[in-house]
Amino acid sequence: MRTLARLWAGRLLGALRIPGVIVSQTYDAQITHATVRVYLGPLFSVVSVNGLDIYFHRLTGKIDGVGFSAPTDCRSDEVR
């Protein structure tokens, strides 16, 4: 019942074009060896997957561009 209520609430919010909520966080997927980071800046929300950054406009939610960031645990002598 709770999942069904969430589904209908999500459909209603989508129909009204109300943006979704996103929070800054990091997720490490052990099975795929992927690191997903979400962080919020003053102009963009950025979703980063293994160093590929996707920039979303904070107010419209539209994709504004992509970029690359160096992994934090990467050193030049370890890069393949």
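Treat the numbers as computed from the prediction; the structure is a model and nothing was measured.

Considering a nonpolar patch on the surface
Then, number 1: Together, M1, L4, L7 and W8 line one region of the surface with nonpolar side chains, adding up to about 510 Å² of accessible area.
Then, number 2: Structurally, L4 is set in helix α1 (residues 2-15).

Remarks on unusual backbone geometry
Then, number 1: With a phi angle near 60°, R17 is a residue other than glycine that sits in the positive phi range.
Then, number 2: Note that R17 resides in the loop between α1 and β1 (25-29).
Then, number 3: Even without being glycine, H33 reaches a positive phi, approximately 55°.
Then, number 4: On the accessibility criterion, H33 (64% relative accessible area) is exposed.

Observations regarding the pairing of strand β2 (residues 34-40)
Regular strands have side chains that alternate between both faces of the sheet.
Then, number 1: The sheet contact formed by β1 and β2 spans five bridges and is antiparallel. When the sheet's bridge partners are listed, Y27 is paired in β2 with V36.
Then, number 2: Counting the residues between successive antiparallel strands, the hairpin from β1 to β2 contains four residues, one of them, H33, with a positive phi of roughly 55°.
Then, number 3: Sheet topology places β2 next to strand β3 (residues 44-49); five bridges connect them, and they run antiparallel. Bridging from a neighbouring strand, V36 pairs with V49 of β3.

Some remarks on the side chain of D53
Then, number 1: Locating D53 in the fold gives a position in strand β4 (residues 52-57).
Then, number 2: For D53, the side chain forms a polar contact with the side chain of S48, separated by 2.7 Å.
Then, number 3: With sequence-adjacent residues up to four places away left out, D53 is seen in contact with Y39, V46, V47, S48, G65, V66, G67, F68 and S69.

Calculation rules
- The residue numbering used here restarts from 1 in each chain and proceeds along that chain's sequence as written.
- The model is predicted, so local features are restricted to residues of pLDDT at least 70 and side-chain atom pairs to those at 80 or more, both for listing and for counting; the totals for chains, interfaces and linings are taken over all residues.
- The basis for the side-chain values is all heavy atoms of the structure; hydrogens and waters are excluded.
- Excluding any residue in a salt bridge, patches collect residues exceeding 30% relative accessible area, merging like charges within 9 Å and nonpolar Val, Leu, Ile, Met, Phe, Trp and Tyr side chains within 5 Å.
- Computed by Shrake-Rupley with a 1.4 Å probe, the accessible areas treat only the displayed protein chains as cover when residues are assessed.
- Whenever Lys or Arg places a side-chain nitrogen within 4 Å of a carboxyl oxygen from Asp or Glu, that contact is recorded as a salt bridge.
- The helix count covers DSSP runs of H or I at least four residues long, the strand count covers runs of E at least two residues long, and both are numbered beginning at the N terminus.
- Relative accessible area decides the class of each residue, using a 1.4 Å probe on protein chains only: under 20% of the type maximum gives buried, over 50% gives exposed, and in between gives partly exposed.
- Strand pairing follows a simple DSSP-based rule, namely that at least 2 bridges must link the two strands.
- Throughout this description, a polar contact denotes any pair of N or O atoms lying within 3.5 Å of each other; where both atoms belong to protein, one of them has to be capable of donating a hydrogen while the other can accept it, and for residues adjacent in sequence the pair is counted only when both atoms sit in side chains.
- Any pair of residues with heavy atoms lying within 4.5 Å of one another is described as a contacting pair.

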